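Results of the structural survey
Letter by letter, the chains look like this.
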Amino acid sequence: MHSPSTRAFMRCAETFCSEEFSLDFAGYSCPFCGGLLDIAYVFSFPESADAMKDVFRRRRLVTDGPDLSGVWRFHEFIPFASSHTQIVTMQEGNTPVYEAPRSAGFAGMNRLRFKHQGLNPTGSFKDNGMTTGVTRAVQVGAQAVACASTGNTSASMAAYAARASLRAIVFIPAGQIAYGKLAQALEYGAEIVEIEGNFDDAMRIVREIAATTGVYLLNSVNPFRLEGQKTIVIEMLEQLDWQVPDWIVLPGGNLGNTAAFGKGLHELFTAGFIDRLPKLAVIQAEGANPFYRLFSSSNRSELVPVAHPSTLATAIRIGNPVSWGKALRALEWTNGSVEQVSEDEIAEAKAVIGRDGIGCEPASAATLAGVKKLVSSSTVSPGDNVVCVLTGSLLKDPTYTIDYHKGNLAIEDDGAKREIASLRANKPMRTPAEAAAIRRVLGI
Ligand code: F0G
């Protein structure tokens, strides 16, 4: 697996610091400035970029081994697993890019595509990162792994830890995680610790636990996880036959994915796989919008956390995103943009994505709502080539979807309940079990 001539090391992601460490450095942040770390490379590919593209394509035909994975198929970009046997994989990635004509029309676009990361083994993009993160945990001899989570990370980590026979410990905000996800984490055998607090509290505690015990941390502060997530854009570019889109749009919560996409695109560009960079557009919910506020302000040097983040898109209900610095760097590299969307906008966009026969969870639908706004403000043109990343499965949060279609969706803010508009509700019909009555209801 190892490309002998590529040099891999750790580097502080803060540009004013950029201190370098060996790949075996055990911490998650820079001991000098406290910044997050990157895995950095001096790449040396065995063949030219064009020849490597052929190699990647040919690997899709294999019937065995790590190249079945849509992450490890690109192992020259993640050269830190030294043998096939070390890799913990569930054939993650390999997710489709779909045309979405109804969604395009809704957003005012001529054409729109979705890369559906919700079709991963545990139902979210986290699997792309967990395969590299858990592989690293095994490499360093960890016995236990841990994460804070709003749902998807916990399910993904629990599955990969089970595959690798590691103990899995999950910290979740009490009562705030979608049922589908809790069910997965329990079934895969993770130990669940419910924290009386929100995701940001859980994140603070898990970092403290990891720093003071031998437990291996698998949140996105772990740079090995982000290396897997960067392959989402590598695979996407391959699917687009390396034709660079104008925009890649994704939801922003803890901002690890934004950081990973920026790094992946930057590496593709500097290694000559693409001739320009797409712009990244990050979409946040209005009630959990610290990155939107940072990006819109004249002083981008310090993120001001949102103390009480509030959104029904629980995946992105995050007030103090750990990767904001790396995410800002990604937006600067790609000349990108940040938008915020309301609860009503998310709910309607989600229903539209459903009508394209695709479907996703609420956080993912923020992308379509965001594109619609970016078209209205002329940031995105109707003719632009746009790919949105749907980060999680429709099945994560059935309660949200059913409440919406029954016209019962509501959010509680400061104790007050506010109804969310169900403009595209698809209410189930109830009739007596008689053919005549059913025909009347259905109009057939
Ligand atoms: N979309 C989904 C479906 C997610 O689960 C998450 C994050 C995000 C978007 C935001 O991604 O944090 O990289 O900006 N979920 C985490 C979790 C926090 O615990 O599952 P990000």
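Below: a short report on this structure.

Cut-offs applied
Residues numbered from 1 in each chain as written. Predicted model: local features only at pLDDT ≥ 70, side-chain atom pairs only at ≥ 80, totals over all residues. Heavy atoms only, no water. Phe/Tyr/Trp six-rings, centres within 6.5 Å; stacked < 30°, edge-to-face > 60°. Lys NZ or Arg CZ within 6 Å of the ring centre and 35° of its normal. Core = buried A, V, L, I, M, F, W, Y, C linked by side-chain atoms within 4.5 Å. Buried < 20%, exposed > 50% of the residue type's maximum accessible area, 1.4 Å probe, protein only. Helix = DSSP H or I, 4+ residues; strand = E, 2+ residues; numbered from the N terminus. Contact = heavy atoms within 4.5 Å. Near = heavy atom within 4 Å. Polar contact = N/O pair within 3.5 Å; in protein donor to acceptor, adjacent residues only side chain to side chain. Areas by Shrake-Rupley, 256 points an atom, 1.4 Å probe, with all protein chains shown as cover. Nonpolar A, V, L, I, M, F, W, Y, C, P; charged D, E, K, R; others polar. Pairing = 2+ DSSP bridges. Axes fitted to C-alpha atoms, helices over the stretch in contact; angles between N-to-C directions. Parallel < 35°, antiparallel > 145°, perpendicular 65-115°, else oblique. Left-handed = near helix turned anticlockwise from the far one by under 90°. Salt bridge = Lys/Arg side-chain N within 4 Å of Asp/Glu carboxyl O. Expected span 1.5 Å × (residues − 1).

1. Some details on the packing of aromatic side chains
By the definition in use, this model includes 15 aromatic pairs. Among the aromatic residues, those joined into a cluster by ring pairs are Y41, F43, F45, F56, F74, F77, W242 and F273. Geometry around F295 places R300 over its ring, the cationic atom sitting 4.0 Å from the centre.

2. Focus on the nonpolar core
One finds V145, M157 and Y216 to be the most contacted residues of the largest nonpolar core, which totals 54 residues. Those elements that place two or more of their residues in this core are β1 (7–12), β3 (37–42), α3 (126–139), β6 (144–148), α4 (152–163), β7 (167–173), α6 (199–212) and β9 (216–217). Apart from residues lying up to four places away in sequence, Y216 is in contact with Y28, G133, R136, A137, V140, A142, A144, V145, A146, N222 and F224.

3. Some details on the site of the ligand
If you check the shell around the ligand, you find 21 residues, and the closest are T150, N152, G253, L255 and T391. Here an oxygen atom of the ligand sits 2.7 Å away from a polar atom, N or O, in the main chain of T150. Note that an oxygen atom of the ligand is positioned 2.8 Å from one of the backbone N or O atoms of N257. For the ligand, whose unbound accessible area comes to 480 Å², protein coverage reaches 98%. The class makeup of the residues in the shell around the ligand is 7 nonpolar, 12 polar and 2 charged.

4. Let's talk about the pairing of β1
Pairing between β1 and β3: 6 bridges, direction antiparallel. By the bridge assignment, R11 is partnered in β3 with D38. Bridge analysis of β1 against strand β2 (residues 20–21) gives 2 bridges, and the strand direction is antiparallel. Bridge pairing links R11 to E20 in β2.

5. A look at the sheet that holds strand β10 (residues 247–251)
With mixed pairing, 6 strands are arranged side by side in an open sheet as β4-β5-β13-β10-β11-β12. The open sheet has two free edges, formed respectively by β4 (97–99) and β12 (337–341), since each of these has just one partner strand. Between one strand axis and the next, the sheet turns by 25° as a mean value, whatever way the strands run. Sheet topology places β4 next to strand β5 (residues 113–116); 3 bridges connect them, and they run antiparallel. Each residue of the ladder has a partner; that of E99, found in β5, is R113.

6. Some remarks on the packing of α3 against α4
The relative placement of two packed helices comes down to the angle between their axes together with the axis-to-axis distance. Remark: α3 packs on α4, axes separated minimally by 9 Å, with the N-to-C direction vectors making an angle of 40°. Considered as vectors, α3 and α4 are oriented oblique to each other. For the crossing formed where α3 meets α4, the hand is right-handed. Of the residues in α4, those in contact with K126, D127, M130, T131 and V134 of α3 are N152, T153, S156, M157, Y160 and A161. Class assignment of the residues belonging to the contact of α3 with α4 gives a composition of 5 nonpolar, 4 polar and 2 charged.

7. Re the pattern of salt bridges
Applying the stated rule across the entire model yields 25 salt bridges. The partner of E238 in a salt bridge is R60, with the nearest N and O atoms 3.5 Å apart. Note that E238 is positioned in helix α7 (residues 223–239) and R60 in the loop between α1 (49–59) and β4, a separation of 178 residues in sequence. You can call E238 buried: its relative accessible area is 4%. Since its relative accessible area comes to 46%, R60 is described here as partly exposed. Between D201 and R204 there is a salt bridge; the shortest N-O distance is 3.4 Å.

8. Concerning the environment of A107
With respect to the helices and strands, the residue A107 is situated in helix α2 (residues 101–107). Along the sequence, A107 and C388 sit 281 residues apart, while their C-alpha atoms lie 12 Å from each other.

9. Some words on the sheet that holds β7
The strands that make up a sheet pair up through hydrogen bonds in the backbone, lying either parallel or antiparallel. Within the open sheet, the 4 strands sit side by side as β8-β7-β6-β9. Their pairing is parallel. The outermost strands of the open sheet, each flanked by one partner alone, are β8 (191–195) and β9. In terms of strand pairing, β6 meets β7 through 5 bridges, oriented parallel. Residue pairing in the sheet places A148 in a bridge with F171 of β7.

10. Notes on helix α8 (residues 256–270)
With 15 residues, α8 extends 21 Å from end C-alpha to end C-alpha; this agrees with the ideal 21 Å at 1.5 Å per step. Within the sequence span of α8, burial applies to G256, N257, T258, A259, A260, F261, G262, K263, G264, L265, E267 and L268. In this structure, the buried side of α8 is in contact with β3, α7, β10, β11 (279–285), α10 (324–334) and β13 (386–390). Taken from the residues just after α8, G272 is the one with a positive phi, measuring 80°.

Shape descriptors only; they carry no functional weight alone.
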